[in-house]
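Observations on chain architecture
If you want the building blocks of each chain, they are given just below.
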Amino acid sequence: MTEDLLPYAARLRQQPLFAVWSPSQLETLLGECRLHACENGDLLFIEKDPAEQFYFLDAGVVELLSTSAEGKEKVVEIMQAGDLFAEAVAFMGGRYPVTARCQGKTKVLQIPFSPFVGILEDDPRLMRRILGQLSMRLHFLVKEIRMRSIESADTRICNYLLELSDASEETEQFLLPAKKVSVAARLGVTPETLSRVLRRLKEAGAIDMRDKTITVLDRRKLLEAGLR
């Protein structure tokens, strides 16, 4: 493993998929990985492309997009620094189910499927431990999806802002991870609804907003707005 990849062992171990890997197993895998720098609009992979690797997002933002039969794009997810994505394809094989497009300057760690699967096949106990980790994560996500399916637009937006705040190093201030139209699509609301709710939160003194920078002025008001 090269020196520039050493810090990624600890960062990958924070992911449920790698939480139970031994240091030697991670070192072996990282020896097969590569860092890749991207520019705004670059595509990491295209929907239905043959899948050969998955990714750890080191810096920047990546949109995962799905295309309808009419050719319209829908934002499925917005990946941020520290996120792992496309890893499920390693277990299913085949092709990528979405397109991954970079927003701004982006740096990713490319993790090839072949050595990843090889390590799992060599250690069945590791596979069982990973299944346990992923099962707990799945239960959490299913519960979250059920809750969000009955939430109002206001609640979804407020909770999303609180999630971004909690994930930020400066909890009072953070950037929207993507353009408003992409964030709105991610939350299942229209861009107009997103702008209207943000404006209302600003008028209520819960947040301040300058371009894509959000400052939480009153967390209690933001929490209360999210519970309505």
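Let me sum up the structure you'll find in this document. Since we're looking at a predicted model, the values are computed, not measured. (Residues numbered from 1 in each chain as written. Predicted model: local features only at pLDDT ≥ 70, side-chain atom pairs only at ≥ 80, totals over all residues. Heavy atoms only, no water.)

**Focus: the overall build of the protein chain**
Inclusion rule: Every helix listed is a DSSP run of H or I at least four residues long, and every strand listed is a run of E at least two residues long, numbered separately from the N terminus. In this description, contact between two residues means that some pair of their heavy atoms is separated by no more than 4.5 Å. Only the protein chains shown count as cover for residues, and all accessible areas are computed by the Shrake-Rupley method using a 1.4 Å probe.
Each helix and strand in the protein chain was counted, giving 9 helices and 9 strands. For the protein chain, the proportion of contacts with a sequence separation of at least 24, taken over those separated by at least 6, is 70%. Per element, the accessible surface of the protein chain, about 12800 Å² overall, is 53% carbon and sulfur.

**Considerations on unusual backbone geometry**
Trans is the prevailing form of peptide bonds, just as negative phi is the prevailing case for residues other than glycine. Defined as follows: Classification of residues uses two cut-offs on accessible area relative to the type maximum, computed with a 1.4 Å probe and protein chains only: under 20% is buried, over 50% is exposed, and between them is partly exposed.
Of note, the phi angle at Lys48 is positive, near 80°, even though the residue is not glycine. Of note, Lys48 is situated in the loop between β2 (43-45) and β3 (53-67). Residue Lys48 is classed as exposed on the basis of its relative accessible area, which comes to 60%. One non-glycine residue with positive phi stands out, namely Ala86, at about 70°. Note that Ala86 resides in the loop between β5 (84-85) and α3 (89-92). Residue classification places Ala86 among the buried residues on the basis of a relative accessible area of 18%.

**Some thoughts on the pattern of salt bridges**
Going by this rule: Salt bridge, as applied in this entry: a Lys or Arg side-chain nitrogen positioned within 4 Å of an Asp or Glu carboxyl oxygen.
In total, this model carries 11 salt bridges according to the counting rule given. In this structure, Glu63 and Arg101 form a salt bridge, with 3.1 Å as the shortest nitrogen-oxygen distance. Highlighted residues: Glu63 in strand β3 and Arg101 in strand β6 (residues 99-112), separated in sequence by 38 residues. Of the charged contacts in the structure, one is a salt bridge between Asp208 and Lys202, with a shortest N-O distance of 4.0 Å. Taking the relative accessible area as the measure of exposure, Lys202 reaches 38% and is therefore partly exposed.

**Describing the nonpolar core**
Applicable threshold: Definition used in this section: a nonpolar core is a set of buried Ala, Val, Leu, Ile, Met, Phe, Trp, Tyr and Cys residues joined via side-chain atoms within 4.5 Å.
Phe18, Trp21, Leu44, Phe85 and Ile111 are the most contacted members of the largest nonpolar core, which totals 40 residues. With 6 residues, the top contributor of residues to this core is β3. Counting residues in each nonpolar core, the second largest holds 29 residues, with Cys158, Leu161, Ala184 and Val216 among its members.

**Observations concerning the packing of helix α7 (residues 180-187) against helix α8 (residues 191-203)**
A pair of packed helices can be characterised by two numbers: the angle between their axes and the separation between those axes. In plain terms, the rule: Lines fitted to C-alpha atoms define the axes, with helix axes restricted to the stretch in contact, and inter-axis angles between N-to-C directions lie between 0 and 180 degrees. Angle categories are assigned with fixed cut-offs, so that under 35 degrees is roughly parallel, over 145 is roughly antiparallel, 65 to 115 is roughly perpendicular, and the rest are oblique. Classification used: nonpolar for Ala, Val, Leu, Ile, Met, Phe, Trp, Tyr, Cys and Pro, charged for Asp, Glu, Lys and Arg, polar for all others including Gly.
Put simply, α7 and α8 touch, their axes get as near as 8 Å, and they point 100° apart. By the angle between their axes, α7 is roughly perpendicular relative to α8. In this structure, α7 uses Lys180, Val181, Val183 and Ala184 to contact α8, whose residues at the interface are Pro191, Leu194, Ser195 and Leu198. Residues that form the contact of α7 with α8 fall into these classes: 6 nonpolar, 1 polar and 1 charged.

**Observations regarding α8**
Going by this rule: In a helix, the anticipated span is given by 1.5 Å times the number of residues less one. This arc corresponds to the set of directions leading from the helix axis out to the C-beta atoms.
With 13 residues, α8 extends 18 Å from end C-alpha to end C-alpha; this agrees with the ideal 18 Å at 1.5 Å per step. Every buried residue of α8 is listed here: Thr193, Leu194, Val197, Leu198 and Leu201. Taken end-on, α8 shows its buried residues confined to a sector of 130°, consistent with a single buried face. The exposed set on the far side of α8, more than 90 degrees from its buried face, consists of Glu192 and Glu203. Looking one or two residues beyond α8, the residue adopting positive phi is Gly205, at roughly 85°.

**A look at the sheet that holds strand β8 (residues 207-210)**
Let me state the cut-off plainly: The rule for pairing is simple: two strands pair if DSSP sees at least two bridges between them.
Here 3 strands make up an open sheet; going across it, the order is β7-β9-β8 and the pairing antiparallel. The strands lining the two open edges of the sheet, one partner per strand, are β7 (173-175) and β8. Adjacent strand axes in the sheet meet at a mean angle of 20° when their direction is disregarded. In terms of strand pairing, β8 meets strand β9 (residues 213-216) through 4 bridges, oriented antiparallel. Paired with Arg210 across the bridge in β9 is Thr213.

**Remarks on the side chain of Thr155**
Note the cut-off: Two N or O atoms form a polar contact when they lie within 3.5 Å of each other; inside protein one atom must be a possible hydrogen donor and the other a possible acceptor, and for residues adjacent in sequence the pair counts only when both atoms belong to side chains.
Topologically, Thr155 is positioned in helix α6 (residues 153-167). Here the side chain of Thr155 touches Ser152 through a polar contact of 3.0 Å, side chain to side chain.

**A word on empty space enclosed by the protein**
Here is the rule we go by: Buriedness for pockets is judged along seven lines, at least five of which must meet protein on both sides within 12 Å for an open set on the 1 Å grid over protein atoms alone, while cavities are sets there where a 1.4 Å probe fits but cannot get out, and lining residues have an atom within 4 Å of a point. Grid points are joined across faces, edges and corners, and a volume is the space filled by probe spheres set on the points.
Tallying each qualifying case throughout the model produces 1 cavity of 30 Å³ or more. The wall of the largest cavity is formed by Ile157, Tyr160, Leu161, Leu176, Val183, Leu187, Leu194 and Leu198. Listing elements by their share of the lining of the largest cavity, those giving two or more residues are α6, α7 and α8. Counting residues per element, the lining of the largest cavity draws most heavily on α6, which supplies 3 residues. Within the lining of the largest cavity, the residues separate by chemical class into 8 nonpolar, no polar and no charged.

None of the figures reported here should be taken as evidence of function without further support.
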